[in-house]
Protein chains: 2
Amino acid sequence: MNQENTPSLWKLPEPTLRRLPWYLAFVKLLKARGEIRVSSTQIAREIGVDPSLVAKDLSFVNVSGKTRIGYEIEILITVLEDFLGFSIQHKALLFGVGSLGAALLQDSGLRQYGLQIVAGFDIRDELQDTSVNGIPVFHISQFPARQQTLDATIGIITVPVDQAQKVADHIIAGGVRALWNFTPFRIRVPEDVVVQNTSMYAHLAVMFNRLSLLNHTK
Amino acid sequence: MNQENTPSLWKLPEPTLRRLPWYLAFVKLLKARGEIRVSSTQIAREIGVDPSLVAKDLSFVNVSGKTRIGYEIEILITVLEDFLGFSIQHKALLFGVGSLGAALLQDSGLRQYGLQIVAGFDIRDELQDTSVNGIPVFHISQFPARQQTLDATIGIITVPVDQAQKVADHIIAGGVRALWNFTPFRIRVPEDVVVQNTSMYAHLAVMFNRLSLLNHTK
């Protein structure tokens with residue numbers, strides 16, 4: 001991987017990082033249709049954002065488009081996948097093998113985007129030494145010892161909300177530096193730890209509000 | 001439910017709608033600890049946002065706090081759950097019973113937040129008339145007929161990215177007015193249809209970038 005293509009050199013704006021996967025999904029579609037080249041105007045039209053924004057977002061990525069010719073799709077896909085971190089596997093541990101936790105263990109699709117969940121941990125004795133989708137589940141007390149050999153970089157938090165902070169502290173103490181928090185609790189972490197919050201419930205709240213507004217105005 | 005507490009009367013700012021579930025999760029924790037009242041300052045400190053922002057967010061909700069006494073926790077929880085649409089069940093259909101789709105069917109926790117998935121649909125014949133977590137799975141061709149009796153208001157899209165737009169069009173033609181899109185494809189919809197995008201891959205991209213930045217600077 002070309003070092004200049006890695007995202008390690010810049011802290012990209014979060015909106016850009018959220019849009020780049022849309023562009024990637026679209027150009028992969030074009031590739032499947034047998035297309036060779038794509039322009040930023042074409043991406044902009046399809047995604048529904050301003051062409052200048054697409055050009056700006058892609059300027060962060062080390063790929064050059066040519067005026068009136070555009071980007072080579074094959075190259076753009078490779079560069080975007082490398083850049084977004086999807087082409088290398090990041091080892092992750094999942095904490096809380098409940099309803100949502102077990103569901104995430106089932107979702108093998110995450111591997112295509114660079115996330116490899118290598119173990120689950122839970123406080124319940126009856127789950128110990130079971131497995132979900134081929135991924136082993138251990139008792140939470142085994143985490144520090146297992147992490148020595150697993151050497152995971154990401155901790156996924158799917159525990160009940162009242163356990164979120166305690167479990168986060170425990171994961172960080174075990175040497176994990178990035179947390180993917182699925183609970184609606186705002187966990188606190190030291191400055192040198194990354195947290196990404198994915199609250200499906202917050203998205204539901206937005207959707208329900210927009211839907212009821214729609215029903216009210218029709 | 002008090003009509004004035006329903007979210008139908010205002011189009012709330014999306015950031016407010018995303019923060020309210022955090023406040024709800026926190027005050028539910030306080031209730032479990034036996035607390036009776038909470039101040040906006042206390043919420044602000046715990047969540048890590050500005051107190052004036054908490055007060056502003058809560059001003060959208062029809063609940064009154066008293067100076068130096070704060071909000072009654074029991075009332076605040078009920079009002080927030082009603083307001084966010086979590087206390088009534090919204091019927092949803094899921095399209096694409098693949099890895100992520102089946103995982104979402106497994107996640108019974110969504111019901112606590114007002115989302116009741118009543119059926120899954122897939123194009124694969126072998127999945128027809130199976131069930132996941134007690135939820136029946138039908139062939140996609142049965143959708144228009146099933147929707148007549150199911151009368152669902154939300155369509156969850158977990159199909160492969162190259163099918164996203166086609167399936168979205170099909171769902172809308174069947175009379176569903178809100179789409180929860182889990183694909184990284186930006187689907188287009190008429191103005192009177194609500195779309196909520198939840199791209200787990202975009203969140204992964206942000207997390208990977210922040211993590212590699214961390215590794216680079218240490």
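Residues numbered from 1 in each chain as written. Chains lettered and ligands numbered in written order. Predicted model: local features only at pLDDT ≥ 70, side-chain atom pairs only at ≥ 80, totals over all residues. Heavy atoms only, no water.

### Description of the interface of chain A and chain B
Now for step 1: Listed by partner, the interface residues are 70 residues for chain A and 71 residues for chain B.
Now for step 2: Across the chain A to chain B interface the summed buried area is about 6,800 Å²; carbon plus sulfur atoms make up 70%.
Now for step 3: Looking only at chain A, the three residues that lose the most surface to chain B are Arg186(A), His203(A) and Phe208(A), adding up to 10% of its buried area.
Now for step 4: Along the contact surface separating chain A from chain B lie 16 residue pairs in polar contact (both at pLDDT 80 or more).
Now for step 5: Among the secondary structure elements, those contributing two or more residues to the side of chain A that touches chain B are helix 1 (14-32), helix 2 (40-47), helix 5 (99-106), strand 8 (178-181), strand 9 (194-197) and helix 8 (200-217) of chain A.
Now for step 6: Tallying contributions element by element places helix 8 of chain A first for the side of chain A that touches chain B, with 16 residues. (Contact = heavy atoms within 4.5 Å. Buried area = accessible area lost by both parts, 1.4 Å probe. Polar contact = N/O pair within 3.5 Å; in protein donor to acceptor, adjacent residues only side chain to side chain. Helix = DSSP H or I, 4+ residues; strand = E, 2+ residues; numbered from the N terminus.)

### So, helix 6 (residues 143-150) of chain A
Residue and element names in this part refer to chain A.
Now for step 1: The set of residues buried in helix 6 consists of Phe143, Gln147 and Leu150. The buried residues of helix 6 occupy an angular sector of 70 degrees when projected down its axis, which confines them to one face. Those residues of helix 6 that are exposed and aimed more than 90 degrees away from the buried face are Ala145, Gln148 and Thr149. (Buried < 20%, exposed > 50% of the residue type's maximum accessible area, 1.4 Å probe, protein only. Arc of directions from axis to C-beta.)

### Focus on the sheet that holds strand 5 (residues 130-132) of chain B
Residue and element names in this part refer to chain B.
Now for step 1: The seven strands are arranged 5-6-4-3-7-8-9 in an open sheet whose pairing can be described as mixed. Two strands bound the open sheet, and with one partner strand each, they are strand 5 and strand 9 (194-197). Taken over all neighbouring pairs, the strand axes of this sheet differ in orientation by 30 degrees on average, direction set aside.
Now for step 2: Note that strand 3 (residues 90-95) and strand 4 (residues 115-122) share six bridges and pair parallel. Bridging across to strand 4, His90 finds its partner in Leu115. (Pairing = 2+ DSSP bridges. Axes fitted to C-alpha atoms, helices over the stretch in contact; angles between N-to-C directions.)

### So, the relation of the copies chain A and chain B
Now for step 1: Relative to chain B, chain A is turned by 180 degrees and slid 0.0 Å along the rotation axis, the superposed coordinates differing by an RMSD of 0.0 Å. The superposition of one copy onto the other is thereby described by a two-fold rotation axis. For chain A, the minimum C-alpha distance to the rotation axis belongs to Ala103(A) and amounts to 2.1 Å.
Now for step 2: When the interface residues of chain A are mapped onto chain B, 100% of them again lie at the interface, so the same face is used by both copies. (Least-squares fit on C-alpha atoms with pLDDT ≥ 70 in both.)

### A look at the pattern of salt bridges
All names here are of chain A.
Now for step 1: This model, assessed by the stated rule, comprises ten salt bridges over all chains.
Now for step 2: We note a salt bridge from Asp122 to Arg124, for which the minimum N-O separation is 2.9 Å.
Now for step 3: Take Asp122: its relative accessible area is 7%, and that puts it in the buried class.
Now for step 4: We classify Arg124 as partly exposed; its relative accessible area is 35%. (Salt bridge = Lys/Arg side-chain N within 4 Å of Asp/Glu carboxyl O.)

### Overview of the side chain of Thr183(A)
Residue and element names in this part refer to chain A.
Now for step 1: Take Thr183: it is sitting in the loop between strand 8 and strand 9.
Now for step 2: Classification of Thr183 as buried rests on a relative accessible area of 4%.
Now for step 3: There is a polar contact of 2.8 Å between the side chain of Thr183 and the side chain of Asn181.
Now for step 4: Within the structure, the side chain of Thr183 is placed 3.1 Å from the backbone nitrogen of Phe185, a separation counted as a polar contact.
Now for step 5: The residues contacting Thr183, other than those within four sequence positions of it, are Ile157, Val159 and Ala164.

### Things to note about the domain arrangement of chain A
Now for step 1: Assigned domains within chain A: domain 1 (7-84) and domain 2 (90-202).
Now for step 2: Here the C-alpha centroids of domain 1 of chain A and domain 2 of chain A sit 31 Å apart. (Domains from an automatic or database assignment.)

### Some details on the packing of helix 1 of chain A against helix 2 of chain A
Residues and elements named next belong to chain A.
Now for step 1: The geometry of helix 1 relative to helix 2 is characterised by a closest axis approach of 10 Å and an angle of 105 degrees between their N-to-C directions. One finds that helix 1 runs roughly perpendicular with respect to helix 2. Residue-level contacts link Trp22, Tyr23, Phe26, Val27 and Leu30 of helix 1 to Gln42, Ile43, Glu46 and Ile47 of helix 2.
Now for step 2: Split by residue class, the contact of helix 1 with helix 2 holds seven nonpolar, one polar and one charged. (Parallel < 35°, antiparallel > 145°, perpendicular 65-115°, else oblique. Nonpolar A, V, L, I, M, F, W, Y, C, P; charged D, E, K, R; others polar.)

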